[in-house]
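As a plain string of letters, each chain reads:
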Amino acid sequence: MRYALVFLFVVFFAGLSTGCGSPPELQGVTLGSIQFEGDHAAEVAADLEKALTAAGATLGESAGPNLVGTLTWEWAGEGETPYPTLVKVFIQSEPEEKRFTVTTRYAVAEGAQPRDVAHYRGEIVERIVGRIKSQDR
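For clarity, every value in this text was computed on a predicted model and none was experimentally measured.

Draft legend 1. Up close: the pattern of salt bridges. All told, the structure shown has three salt bridges when counted by the stated rule. Between Arg121 and Asp47 there is a salt bridge, with the nearest N and O atoms lying 2.8 Å from each other. Of this pair, Arg121 sits in helix H3 (residues 117–136) while Asp47 sits in helix H2 (residues 41–54), and the two are 74 residues apart along the sequence. According to the relative accessible area criterion, Arg121 is buried, its value standing at 17%. Notably, a salt bridge pairs Glu74 with Lys88, separated by 3.6 Å at the nearest N-O pair. Placement of Glu74 in strand S2 (residues 66–76) and of Lys88 in strand S3 (residues 83–94) is noted, with a sequence separation of 14 residues between them.

See the structure below:
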């Protein structure tokens, strides 16, 4: 009997924990389009759209500000296998008074094993979404 009560308590608590999740962090944020210039701009914009949508933002709304920015990549390595060492991001919303300005950078640790660009895109997108979340509060 005791084990049955403990089991029921655990099941109840697990159900309560999963059923009472917090709402998406960017719920209520509406944005127009995302436009980047620079190396791998289209890929970063696509990754950012997915991440913002997953965080609860609504994209493609004409009433929302557009995110316009630049990606500046610094490269090392020679020949056909260059790898990034630093990525700088500057994004602002247009029109500017509608709320977001994001400036961030991702520096690859000195001596780190070079990775493919997709790895760094993920890191960059996480930082951008984090900055947008902090400005939305």
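From this point, the narrative continues.
Draft legend 2. The arrangement of the packing of aromatic side chains in detail. Here the structure, examined in full by the defined rule, presents two aromatic pairs. Between Trp73 and Trp75, the aromatic rings sit 5.5 Å apart at their centres with planes inclined by 15 degrees, giving stacked as the arrangement. Here the aromatic rings of Tyr106 and Tyr120 are separated by 5.9 Å at their centres, their planes lie at 50 degrees, and the arrangement is tilted. Of this pair, Tyr106 sits in strand S4 (residues 101–107) while Tyr120 sits in helix H3; the two residues are 14 residues apart in sequence, bridging distant segments of the chain. Exposure class is identical for Tyr106 and Tyr120. Each is buried.

Draft legend 3. How the structure looks around the packing of H2 against H3. Interhelical geometry of H2 versus H3 gives an angle of 50 degrees and a closest axis separation of 9 Å. Accordingly, the angle class assigned to the pair H2 and H3 is oblique. Between H2 and H3 the crossing geometry is right-handed. Contact residues: Glu43, Val44, Asp47, Leu48, Ala51 and Leu52 in H2; Arg121, Val125, Ile128, Val129 and Ile132 in H3. Along the lines of polarity and charge, the residues of the contact of H2 with H3 split into eight nonpolar, no polar and three charged.

Draft legend 4. Focus on the nonpolar core. Core analysis: the biggest nonpolar cluster contains 29 residues, and Phe36, Leu48, Leu52, Leu67, Ile128 and Ile132 have the highest contact counts within it. Listing elements by their share of this core, those giving two or more residues are strand S1 (34–37), H2, S2, S3, S4 and H3. At seven residues, H3 tops the list of elements feeding residues into this core. Residues in contact with Leu67, not counting those within four places in the same chain, are Leu31, Ser33, Ile34, Gln35, Leu52, Ile91, Gln92, Ser93, Phe100 and Ile132.

Draft legend 5. Structural view of unusual backbone geometry. Note that the residue after Glu94, namely Pro95, is joined by a cis bond; omega there is 0 degrees. If you trace the backbone, Pro95 turns up in the loop between S3 and S4.

Conventions we followed
- Residues numbered from 1 in each chain as written.
- Predicted model: local features only at pLDDT ≥ 70, side-chain atom pairs only at ≥ 80, totals over all residues.
- Heavy atoms only, no water.
- Salt bridge = Lys/Arg side-chain N within 4 Å of Asp/Glu carboxyl O.
- Helix = DSSP H or I, 4+ residues; strand = E, 2+ residues; numbered from the N terminus.
- Buried < 20%, exposed > 50% of the residue type's maximum accessible area, 1.4 Å probe, protein only.
- Phe/Tyr/Trp six-rings, centres within 6.5 Å; stacked < 30°, edge-to-face > 60°.
- Axes fitted to C-alpha atoms, helices over the stretch in contact; angles between N-to-C directions.
- Parallel < 35°, antiparallel > 145°, perpendicular 65-115°, else oblique.
- Left-handed = near helix turned anticlockwise from the far one by under 90°.
- Contact = heavy atoms within 4.5 Å.
- Nonpolar A, V, L, I, M, F, W, Y, C, P; charged D, E, K, R; others polar.
- Core = buried A, V, L, I, M, F, W, Y, C linked by side-chain atoms within 4.5 Å.

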